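Below are the chains, spelled out letter by letter.
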Amino acid sequence: MKSLKAFTFIALLAFVFILSACSSDSEAGGEGNGEEASEDTIKLTMGSWRTEDKESYQKVIDKFQEENPNIEIEFKPSKNTEYNTILNTALKSGEGPDIIHLRPYAPGIELADNGYLEPIDDLEGLDKFPESSLAASKGSDGKQYGVPLNISTTQIFYNKKIFEELNLEEPQTWEEFMEINKTLKEEGYTPLSLGTKEGWLLSLAHGMIGPAHYGANEFVDNITAGETSFTSDKFVNSIKAMDELKPYMPENYEGLGMEDIRTMFFTGDSAMFPMGSWEIEVLREMNPDLELDFFPMPSAVGKEPTVTTWVDGSYAINANSENKEAAKKFLQFMTTEEFGTMFTEEFKMISAIPGIESEDQLVNDLGKAADENSTPYMVLVHFAGGNPSTKTTIETELQGMYLGERTPEQVAEAVQKNAESWYKPLQK
Amino acid sequence: MQLATDSAKEVKKQKKRNWKRWSIHLFPIPALIIYGLFVVYPLFAALTYSFFDWNGMVRGDFVGLKNFKDLFTLEPFSGYFWNAFGHNILYFVLQMIFQNGLAFALAYIIFKKIRGAEFLKISYFLPRLLSVIVVGFLWKLILNPNYGALNVLLEKIGLGHLQEAWLGDPDTALIAIILVNSWYGLGFGVLIFLAGFQSIPKELMEAGKLDGATGLAMVRKILIPLMIPSIMIMTVLTFIQSFEAFELVYAMQGSQGEPYHSTDTLAVYFYRLAFGGSTGGSTTAVGLGSALAVVLFLFISIFTGLYLKYMQKKQVDM
């Protein structure tokens, strides 16, 4: 009896002790870090969704530290698909990394508008960037919140070997493009590596194919000014064009996702791959012998062929950071040509800093093509807002069209209705 | 004198006993703290969130029941809700048939002591040991339309015309996922039912046999009534699991319940509302998401409660 009572008591005491030990421990730890930081080195953390770039980022950070030995930066990426959730939750509770990798356009701007980010209008070097790049992280209040990091582009990749074998040339018009599709099919290849199982592939493809039919930038200017609509002939035609490509897509395309269509392309089953610039590295890694090239999307309405571009990410500063000045220094480093050159070489992506040359021929050509004749990825750049977003709506509706549940006209109507629900210029 | 000390001792003893009785109640405290922090608190937080207007992640004004109203009346939210709700019901019905029905039959066969019963028991349970994400990935490979094992097999045995883009066709995608889920949960059902069979007194069955009950009659008249507790447990668990179905859909079809929302469930829809799409392409609606979470919680608890009450009555009648 007695021993039981004693045990109860001890157990309770132990529990209380553990609790207090825990709390005092963490307090002590916290204080220790703070002191250390203020006395000698400043420690910054950096959040990102690019887990695959950890080594490259380390090189960039090392370079930065050569000039700023008292600032230490820890690159702490989280998984691409979980990054938003992790970041949002952390920011909500007043935490999160000091330097934040910002999603482009609506989701990033949402963070700025909610007051989680520090404005950086006075940052040196921002004037290098064109207005269109800065727009990716400009708050609704007109202030700048992020330094643009890289430009993504979408275009049609093609297998040079197959094209040479069949004597095909890069198309200059939509008709030529369709002709190529036909020839490839007759020769037993799958012309176009595109699947509809994952919706994002469809808005991505429409971002390339659409401008060829709605007339690229002119239409974008008109619709963002509220002067035309998604139910206009121009836009409906762009949806119809997606429908016309059906026969040239792989068998069972409705069940194919990203992995599948990528595999079809690098194994040489299919000849063309409408995809983004970030896949170049992956494709080369999967099949080093693949002879890879690209062409801009040829127009159906007599305009120049276009490469679709947008800012893929920016870097911003956490408004709750205790070391904003140090973080600013790093952001400023990200606007320098030194960084831009290093970035293109290390990451094999197109730097958002204009005029940076790359040693990689393909990346260089792409950068040039994008400089010459680019059109924005419209639904991402201008229509990623709303709930569900217009971008999501067009993805779902296109999926419906490929499954035979929707006509192109119905798709256009649904997109218009969704955009009207939140996009001011389209509200009458 | 003697009497006084005796009564003092008695009081002391009484106190001791009281303390002992009382101290027992302290033991659940650690568990209660954890439970409160991770279950009760979020529940009430979601409830309060659902009464507010949300601008992204910042809480706006108190709007009363507007979020609930929007969830049920405003397009496209109401459309998504009923679409997902229907899928959850189908999930439950098909799980009951394929997972629990099959598990019941298999458990009965194993109970009848066929050869290799132990081996079978373990094999049925094996999938359960894998992570759901792994299961989802494996079946995605198997069901791939162009190189997946299922379609290749169909081709090989001359049933090529039955080939399908199983996960890409809205008519088959949801059913495929439910069947994968049933495969995954089968072993657990077998274990529960087997335990149920084993707890039935042997004498009852012998008595039944003497009275001439054989085969199906035995199952219907003796086994099933005595298995009511196991059936009840499995039904409730399946019900809860069906209405919270998330992982497999998310792993195999993404946060949009693709294709064309044909595999959307309430939990996936909730994820989409509260946390946005997975690739950073869409904004969040915390208020609507919270309202949906509250509705889901109420629905599951009310139905589970009613069902348990009904079944308990049935047991007493027996």
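Along each chain, numbering runs from 1 in the same order as the chain's sequence is written. As they are written, the chains are lettered A onward and the ligands numbered 1 onward, keeping that order. Totals for whole chains, interfaces and linings use every residue, but because this is a predicted model, local features are given only for residues with pLDDT of at least 70 and side-chain atom pairs only at 80 or more, for both listing and counting. Computation of side-chain values: all heavy atoms of the structure, hydrogens and water removed.

**Considering a positive patch on the surface**
Residues enter patches when they are more than 30% accessible in relative terms and free of salt bridges; like-charged ones are connected within 9 Å and nonpolar ones (Val, Leu, Ile, Met, Phe, Trp, Tyr) within 5 Å. A 1.4 Å probe and the Shrake-Rupley method give the accessible areas. Residues count as covered only by the protein chains that appear here. For this document, the term salt bridge refers to a Lys or Arg side-chain nitrogen within 4 Å of an Asp or Glu carboxyl oxygen. Only four residue types enter the charge count, namely Lys and Arg as positive and Asp and Glu as negative; His and the chain termini do not. The atoms used to mark charge sites are NZ of Lys, CZ of Arg, CG of Asp and CD of Glu. A contiguous patch of positive charge, built from K9, K12, K13, K16, R17, K20 and R21 of chain B, is present on the exposed surface. Helix and strand labels come from DSSP, where a helix needs a run of H or I of at least four residues and a strand needs a run of E of at least two; each type is numbered from the N terminus. Inspection of the secondary structure puts K12 of chain B in helix α1 (residues 2–23).

**Quick notes on helix α4 (residues 106–113) of chain A**
All names here are of chain A. For the exposure calls, accessible area comes from a 1.4 Å probe over protein chains only, and a residue counts as buried if that area is under 20% of its type's maximum, exposed if over 50%, partly exposed in between. Summarising burial for α4: six of the eight residues are buried, a large majority. Among all positions in α4, only P107, G108, I109, E110, L111 and A112 are buried. On its buried side, α4 packs onto α3 (80–92) and β3 (99–102). Phi turns positive one or two residues past the end of α4, at G115, with a value near 85 degrees. Residue contacts are counted whenever heavy atoms from the two residues lie within 4.5 Å of one another.

**Quick notes on the packing of aromatic side chains**
We describe a pair of aromatic rings using the distance from one ring centre to the other and the angle between the two ring planes. Only Phe, Tyr and Trp rings take part, Trp by its six-membered ring, and two of them pair if their centres are within 6.5 Å. Stacked means planes under 30 degrees apart, edge-to-face means over 60, and tilted covers everything else. Tallied over the entire structure, the rule returns 53 aromatic pairs over all chains. Residues F230 of chain A and F383 of chain A carry aromatic rings whose centres are separated by 5.1 Å and whose planes lie at 75 degrees to one another, so their mutual orientation is edge-to-face. Highlighted residues: F230 of chain A in the loop between α9 (216–224) and α10 (233–244) and F383 of chain A in the loop between α16 (378–381) and α17 (390–402), separated in sequence by 153 residues. The two residues F230 of chain A and F383 of chain A agree in class, both being buried. Joined through ring pairs, the aromatic side chains of Y57, F64, F75, Y315, F330, F333, F339, F343 and F347 of chain A make up one cluster. Over the ring of F188 of chain B we find R128 of chain B; its NZ or CZ atom is 4.9 Å from the centre of that ring. Comment: the charge-over-ring label is applied if NZ (Lys) or CZ (Arg) is within 6 Å of the ring centre and within 35 degrees of the ring normal. For R272 of chain B, the ring lying beneath its charged end belongs to Y80 of chain B, and the centroid distance is 5.5 Å.

**Quick notes on the environment of A117 of chain B**
Counting through the fold element by element, A117 of chain B comes out in helix α5 (residues 117–125). The spatial distance from the C-alpha of A117 of chain B to the C-alpha of L106 of chain B is 10.0 Å, given a sequence separation of 11 residues.

**Points about the confidence of the model for chain B**
Predictor confidence is given residue by residue as pLDDT, running from a minimum of 0 to a maximum of 100. On average, residues of chain B score 87 in pLDDT, and 94% of them are at 70 or above. Scoring the predicted complex yields pTM 0.79 and, for the interface, ipTM 0.75.

**So, the interface of chain A and chain B**
Listed per partner, the contact involves 41 residues of chain A and 44 residues of chain B. Across the interface of chain A and chain B, roughly 3,800 Å² is buried in total on both sides, 58% from carbon and sulfur atoms. The interface formed by chain A and chain B holds zero salt bridges in total. In protein, a polar contact means a hydrogen-donor-capable atom and an acceptor-capable atom, both N or O and within 3.5 Å, with residues adjacent in sequence counting only if both atoms are side-chain atoms; elsewhere, any N or O pair within 3.5 Å suffices. Here chain A is connected to chain B by nine residue pairs in polar contact (both at pLDDT 80 or more). In this description, buried area is defined as the sum, over both parts, of the accessible area (probe of 1.4 Å) that is lost when the two are combined.

**Notes on the packing of helix α4 (residues 77–111) of chain B against helix α13 (residues 266–275) of chain B**
Residues and elements named next belong to chain B. One can describe the packing of α4 onto α13 by two numbers: an axis separation of 8 Å at closest approach and a directional angle of 145 degrees. Contacts between α4 and α13 involve F77, Y80, F81, A84, F85 and N88 on the former and, on the latter, L266, Y269, R272 and L273. Charged means Asp, Glu, Lys or Arg here, nonpolar means Ala, Val, Leu, Ile, Met, Phe, Trp, Tyr, Cys or Pro, and polar covers whatever is left, Gly included. A class-by-class count of the residues in the contact of α4 with α13 yields eight nonpolar, one polar and one charged. Lines fitted to C-alpha atoms define the axes, with helix axes restricted to the stretch in contact, and inter-axis angles between N-to-C directions lie between 0 and 180 degrees.

**Section: the nonpolar core**
The term nonpolar core refers to a set of buried residues drawn from Ala, Val, Leu, Ile, Met, Phe, Trp, Tyr and Cys, joined through side-chain atoms within 4.5 Å. Counting 114 residues, the largest nonpolar core has M46, F177, L184, M272 and F330 of chain A as the members making the most contacts within it. Leaving out residues up to four positions away in the same chain, L184 of chain A has contacts with I162, F163, L166, L168, Y189, P191, A271 and M272 of chain A.

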